[in-house]
Amino acid sequence: MGPLLIYQIVNTFRYETKHTRPLIRLREITSFKEAHTVHATWDEAADQVKKATHIYQEFYSRLAVPTIVSKRPDWDKFPGADYTMAVDVLMPDGKTLQVGTAHHLGDNFAKTFDIKYEDAQGEQILAQQTCYGVSERCIAALISTHGDNNGLVMPPEVAPTQVVIIPILFGSDKEVLTACSNVADTIKQSGLRVVIDDSDTRPGAKYFKWELKGVPVRIEIGPRDLKNNSVVMVKRTGGKTSIPIDEIVPQINKTFKEIHDDLFNTADQLLHSRIRLCSDLDEVMDHVKSGIARIPWCGEQTCGLEMEEIVGTGILGTPEDHTLGKGDGACPICGKPTDIIVLMARTY
Ligand SMILES: [Zn+2]
């Protein structure tokens, strides 16, 4: 018997007085993308939760945003869930942003709402459920992770405009404008999103405008380039090269891959450089000012709550990645030896 899988996009109105933040804490969540699944067994539902967090990690890696998956501590799980897995992103200010959650609901809701299925023997069995979702926060994560002092930096795959063509004109140069239009057609026909900026402003002002919008690749075409059958390609992330006109599409696609990999690797290195194993809570208190602290924990709720109280920030949970979530140490509260490592960070 296969599981029941339901996907929906919903609006949610947050009824609370806590102050709001654009894209991060909205009064009205306009597109919460959520899944609800129903399974025959607890293990099957657990597999679905794992699959969900991996789908989210894959989704965020396509935004070039590295993530950490953690099992939230029991006191911080979704009310009514057996457990909650969460996907977190490190923001440039050192705080983490929860950008996705997946909850194993066990048969807790099935008991309350009498949700049963008939098994092969004709028995009525309580169903096992999960639910998971992401919201507009993915856009906040994207903007904050990649943006720089010149504005947005969009990963090529999701950039609304992927290529901007700037004619370099000396007077009214019909030949250059025709070449720009031909190049744009070629790029468009390959399925990419391209615009020509032939507005009546200086090239420098145009560069500035399209950099602000985060367009990954800028193509400049002037009379000198045409003479050489080439164009100038400039990456939003830095770097300028001359490429032959008839190789423009493969060159752009190759450059897109480089830009994506550069963005992901830069963000991933920054993330990992800001995760530090701490040996006591003083060190944790100091480190969470700029990043994510790893600290041993015995697994007892009383110790966990006391750690949160002392540090003044929450425990994200035990990371799924064992290179982060395992290690030898002692609980900073009770001193008991443990191999569990939890993450602590300031959060949005
Ligand atoms: Zn302890």
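Residues numbered from 1 in each chain as written. Predicted model: local features only at pLDDT ≥ 70, side-chain atom pairs only at ≥ 80, totals over all residues.

1. Some thoughts on the overall build of the protein chain
Heads up, the rule is: To qualify as a helix, a DSSP run of H or I must reach at least 4 residues; to qualify as a strand, a run of E must reach at least 2; elements of each kind are numbered from the N terminus. The exposure label follows from counting other C-beta atoms within 10 Å of a residue's C-beta, where the C-beta atoms are placed from the backbone and the thresholds are 20 or more for buried and 12 or fewer for exposed, leaving partly exposed in between. For the purpose of contact definition, each residue receives a C-beta atom placed from its backbone, and two residues are in contact when these atoms lie within 7 Å.
Scanning the protein chain for helices and strands turns up ten helices and 18 strands. With respect to the three principal axes, the spread of C-alpha positions in the protein chain is 75 × 55 × 40 Å. Looking at the protein chain residue by residue over its 348 residues, the buried ones come to 35%. For the protein chain, contacts bridging at least 24 residues in sequence account for 64% of all contacts bridging at least 6.

2. Overview of the pairing of strand 17 (residues 326–330)
Filter applied, for reference: Only when DSSP finds a minimum of two bridges between them are two strands counted as paired.
Relative to strand 18 (residues 337–345), strand 17 runs antiparallel, the two being bridged by three bridges. Each residue of the ladder has a partner; that of Ala330, found in strand 18, is Pro337. Counted along the chain from strand 17 to the antiparallel partner strand 18, the turn is six residues long, and its residue Gly335 has a positive phi close to 80 degrees.

3. As for the domain arrangement of the protein chain
Basically, it comes down to this: Segment limits for the domains were obtained from an automatic or database-derived domain assignment.
Looking at the assigned domains, one finds that the protein chain contains domain 1 (4–146), domain 2 (163–255) and domain 3 (277–345). Put simply, the middle of domain 2 and the middle of domain 3, counted by C-alpha atoms, are 51 Å apart.

4. Overview of the environment of Met91
With respect to the helices and strands, the residue Met91 is situated in the loop between strand 4 (83–90) and strand 5 (96–106). Judged by the 18 C-beta atoms lying within 10 Å of it, Met91 falls in the partly exposed class. Sequence separation of Met91 and Pro66 is 25 residues, and the distance between their C-alpha atoms is 11 Å. In this view, Met91 contacts Thr96, Leu97 and Ser144; residues no more than four positions away in its chain are not counted.

5. A short note on the sheet that holds strand 13 (residues 240–244)
Note the cut-off: Each axis is a line fitted through C-alpha atoms, taken for helices only over the stretch in contact, and angles between the N-to-C directions span 0 to 180 degrees.
What the five strands build is an open sheet, ordered 10-9-11-12-13; its pairing is mixed. If you trace the sheet from one side to the other, it starts and ends with strand 10 (194–196) and strand 13, each paired once. Recorded for the sheet is a direction-independent mean angle of 25 degrees between the axes of neighbouring strands. As judged from the five bridges shared by strand 12 (residues 230–235) and strand 13, these two strands associate in the antiparallel manner. Pairing of Val232 across the sheet is with Ser242, part of strand 13. Of the strands in this sheet, strand 9 (163–167), strand 10, strand 11 (217–221) and strand 12 are in contact with helix 4 (residues 174–189), which crosses strand 9 at around 170 degrees.

6. Here we look at helix 3 (residues 137–146)
Burial of helix 3 is extensive: seven of the ten residues sit out of reach of the surface. Of the residues making up helix 3, those classed as buried are Arg137, Cys138, Ala140, Ala141, Leu142, Thr145 and His146. Where helix 3 is buried, its residues contact strand 4, strand 5, strand 8 (128–134) and helix 7 (248–273).

7. Some remarks on the environment of Ser279
Along the chain, Ser279 falls in the loop between strand 14 (275–277) and helix 8 (281–287). What makes Ser279 exposed here is the crowd of 12 C-beta atoms within 10 Å. With 53 residues separating them along the chain, Ser279 and Pro332 place their C-alpha atoms 7.9 Å apart.

8. Details of the nonpolar core
Convention followed: Nonpolar core, as used here: buried Ala, Val, Leu, Ile, Met, Phe, Trp, Tyr and Cys residues forming one set through C-beta atoms within 7 Å.
Ranked by size, the top nonpolar core spans 70 residues in total, and within it Ile165 and Met344 carry the most contacts. Per-element tally for this core: the top contributor is helix 7, with seven residues. Leaving out residues up to four positions away in the same chain, Ile165 has contacts with Cys180, Val183, Ala184, Val194, Ile196, Ile219 and Ile221.

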